[in-house]
Amino acid sequence: MINWQITHLDEVDSTMNWARDQNLSDHSAVIADVQTAGRGRRGRQWQSPVGNLYMSFVVGARDQDEINRLPFLMGLAVKDALPDLAIKLKWPNDIWIKDKKLAGILFERFSDHRDNKVIGGLGLNINHSPKDIGVDLSELGIEVDKSDLVKSILNHFDLWRDRLDWAKEWNRAAAFMHDPVTFLHGDLQKSGVFQGINQSGHAILLDPKFNIPQTYASGEISTLRPE
Ligand code: BTN
């Protein structure tokens, strides 16, 4: 197994920017105690007070198919690193406990798509979480050593990269499996029954009227259940 090179920063705008600007190599990661401009998916802010985990990590992938898999593998890695928790994975890449968000995952490319290298980001609530919609480990009575947790997550991530059953295992941990959901696809809102992901990581949604499965490469399951 390749060792991860981990840099620790007290404060940064976003670990995503730092990893990009330093042009980190494959198997390098950066964690920061505080981010002043943490970002989430879909242009959202990621509140980053002291006490939680904010990490970016650089991965060299073979091809686009592998790049597409990485967010799912990171979700599975976080689940494996916290085996005492009933973690659910919410498509495409949120980590939930019951109906609240514990962690979020973001992947970005270098602007020039350098060597199939991508930057992954993980924000995981350890001591703080947004009221009502988030949950953190301290609230669940789980104490962790941040640097042990980081190493465990990254090592599990490496193990998942060699596995062929990732989609099956992701589906076993999927939130809303076989449930009616509202689904945001760009500006469109769709309703259907969530059927998990296929081997490309695309979401499968069954149209309730016609019983036809539709696959979506992008979008997200809305937290609102359909009426
Ligand atoms: C999401 O659920 O929207 C993804 C959140 C990703 C947040 C992490 S925190 C570390 C890294 N740096 C950032 O600015 N964002 C990611």
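Above: the structure in question.
**A short note on the pattern of salt bridges**
Inference 1: Taken as a whole and assessed by the stated rule, the structure comprises 12 salt bridges.
Inference 2: Here Asp33 ties to Lys146 by a salt bridge, and the two come within 4.0 Å at their closest N and O atoms. Residue Asp33 is found in strand 2 (residues 28-35), and its partner Lys146 is found in helix 3 (residues 146-161); the two are separated by 113 residues along the sequence.
Inference 3: Lys146 sits in the partly exposed class, given a relative accessible area of 24%.
Inference 4: The partner of Lys101 in a salt bridge is Asp94, with the nearest N and O atoms 3.0 Å apart.
Inference 5: Residues participating in the shared-partner salt-bridge network are Arg41, Arg42, Arg44 and Glu220.

**Side note on the packing of aromatic side chains**
Inference 1: For the coordinates displayed, the defined rule picks out 9 aromatic pairs.
Inference 2: On the numbers, 5.4 Å between centres and 20 degrees between planes, the contact of Trp91 with Phe183 is stacked. Highlighted residues: Trp91 in the loop between strand 4 (87-90) and strand 5 (94-97) and Phe183 in strand 8 (residues 180-185), separated in sequence by 92 residues. The residues Trp91 and Phe183 share a single accessibility class, namely buried.
Inference 3: Ring geometry for Trp96 against Phe176: centres 5.8 Å apart, planes inclined by 65 degrees, an arrangement best described as edge-to-face. A residue pair is termed long-range when its members are at least 10 positions apart, and Trp96 in strand 5 and Phe176 in the loop between helix 4 (166-172) and strand 8 qualify at 80 residues. Accessibility classification places Trp96 together with Phe176 in one group, the buried group.
Inference 4: Feature note: the residues Trp4, Phe57, Phe107 and Phe157 constitute an aromatic cluster, connected by ring pairs.
Inference 5: The ring of Phe110 has Lys117 sitting right over it, with the charged end atom 4.9 Å from the ring centre.
Inference 6: Sitting over the ring of Trp160, Arg163 keeps its end group 3.9 Å from the ring centre.

The rules we used
Residues numbered from 1 in each chain as written. Predicted model: local features only at pLDDT ≥ 70, side-chain atom pairs only at ≥ 80, totals over all residues. Heavy atoms only, no water. Salt bridge = Lys/Arg side-chain N within 4 Å of Asp/Glu carboxyl O. Helix = DSSP H or I, 4+ residues; strand = E, 2+ residues; numbered from the N terminus. Buried < 20%, exposed > 50% of the residue type's maximum accessible area, 1.4 Å probe, protein only. Phe/Tyr/Trp six-rings, centres within 6.5 Å; stacked < 30°, edge-to-face > 60°. Lys NZ or Arg CZ within 6 Å of the ring centre and 35° of its normal.

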